[in-house]
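An overview of the molecular structure
Listed below, chain by chain, are the residues.
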Amino acid sequence: MVANVAIPYDAKQLSNVRVNLPSVVRSVDLLTSALIKRVTDAELLQYTLRALQLTDLTTLAGDDTESNVARLCFRAAYPFSNLAAHARMKGKVHTAAVCVYPSRVADAHRALTALGMVDRIQIASVATGFPSGSYPLETRLQEIRYAVGQGATEIDIVIDRSLVLTGRWQELYDEIVAMREACGDKVHLKAILAIGECGTMVNVYKASMVAMMAGSDFIKTSTGKEAVNATLPVGLVMIRAIQKFYRLTGKKIGLKPAGGVRTVRDAIAWMIMIRETLGEEWLKPELFRFGASGLLDDVEKQFYAVSKRL
């Protein structure tokens, strides 16, 4: 998948935006509730494996070391403790990416290289003053360049929420354009909106549009550090922005819910909503990811439980 490029800032796309939150909540319920109840065991197994393949397995702890990043990479490559399961699937089932801090990117690159998976599992790095984004622009750009130089293939930037809360959309656009340029044309950029700190759903929609205009390949809900992270209603608002941007430009932009997606049931609700709105073509790692650290535990649990029933 070719990295996105910025298009000119268009303030018209931010005018007259209205979000009816009760209607959004009802729409989510209509899109997901009935379909989740009808999922068969065979479908549950398929959803479970797909959730795994769409996951950015993440560690963003203050005590991260080379050894626990190596363990993370091994788990990403071999997510099931029963290696016989991997043998049956001929090594084709692994996570989409690992996600670490910039200082741990080189550790991830070494570990995945040793596993022979560096060309199959992406290395994502958070950057730009994660999680607050409240740092000078130049230091945030240097952080991107450092992570890319260490081997990151994806950069998860975090936007400056103060620009959202004060309506400085052109400034936000300009910053993300600079971040897009710092990534280069081969590294994908995911823009973390930190929706729990954007103030309103209207702001979430506008921030989504600005990030896509500025060249983001994905829009991502959260850092996982906010009080409110990935919820289905906010996901639907971001999906509506993705749909509008696709109609305007023909560009397909990805979505990454992060924070709060802990179980296969959570993941299924998101996958159903994506399928019912954006379509089946979005349910692939190039266009949809889960940012998660704990989801894989439930994936393994459900995989063994459902396999025994079938």
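Rules used throughout
Residues numbered from 1 in each chain as written. Predicted model: local features only at pLDDT ≥ 70, side-chain atom pairs only at ≥ 80, totals over all residues. Heavy atoms only, no water. UniProt positions renumbered as here; feature names shortened; annotations may be inferred. Helix = DSSP H or I, 4+ residues; strand = E, 2+ residues; numbered from the N terminus. Buried < 20%, exposed > 50% of the residue type's maximum accessible area, 1.4 Å probe, protein only. Contact = heavy atoms within 4.5 Å. 1 Å grid on protein atoms, 1.4 Å probe; cavity = no way out; pocket = protein on both sides within 12 Å on 5 of 7 lines; lining within 4 Å. Polar contact = N/O pair within 3.5 Å; in protein donor to acceptor, adjacent residues only side chain to side chain.

The name an unreviewed UniProt entry assigns to the protein chain is deoxyribose-phosphate aldolase, from the organism Anopheles coluzzii. What the UniProt record of the protein chain gives under Pathway (unreviewed entry) is the line "Carbohydrate degradation; 2-deoxy-D-ribose 1-phosphate degradation; D-glyceraldehyde 3-phosphate and acetaldehyde from 2-deoxy-alpha-D-ribose 1-phosphate: step 2/2." Regarding the protein chain, the relevant UniProt record gives this comment under Sequence similarities (unreviewed entry): "Belongs to the DeoC/FbaB aldolase family. DeoC type 2 subfamily."

Attention now moves to the environment of valine 100. Take valine 100: it is sitting in strand 2 (residues 97-100). Under the relative-accessibility criterion, valine 100 is labelled buried at 0%. When the C-alpha atoms of valine 100 and aspartate 266 are compared, they prove to be 23 Å apart, with 166 residues separating the residues in sequence. Valine 100 has contacts with Thr59, Leu60, Val69, Leu72, Val105, Ala124, Ser125 and Val126, leaving out every residue within four places of it along the chain.

Per the UniProt record, the feature "active site" (unreviewed entry) sits at Lys220 and Lys256. For the annotated residues, spread through 37 residues, the largest C-alpha to C-alpha distance comes to 4.5 Å, consistent with a single compact locus. From the list above, the largest pocket is lined by Lys220 and Lys256. Inspection of the secondary structure puts lysine 220 in strand 6 (residues 218-220). Judged by its relative accessible area of 4%, lysine 220 falls in the buried class. Setting aside residues up to four positions removed in sequence, lysine 220 forms contacts with Asp156, Ala191, Ile192, Leu193, Ala194, Met238, Lys256 and Ala258. At 2.8 Å, the side chain of lysine 220 and the side chain of aspartate 156 are in polar contact. The residue lysine 256 is located in strand 7 (residues 254-256) in this model. Overall, lysine 256 belongs to the buried group, its relative accessible area being 0%.

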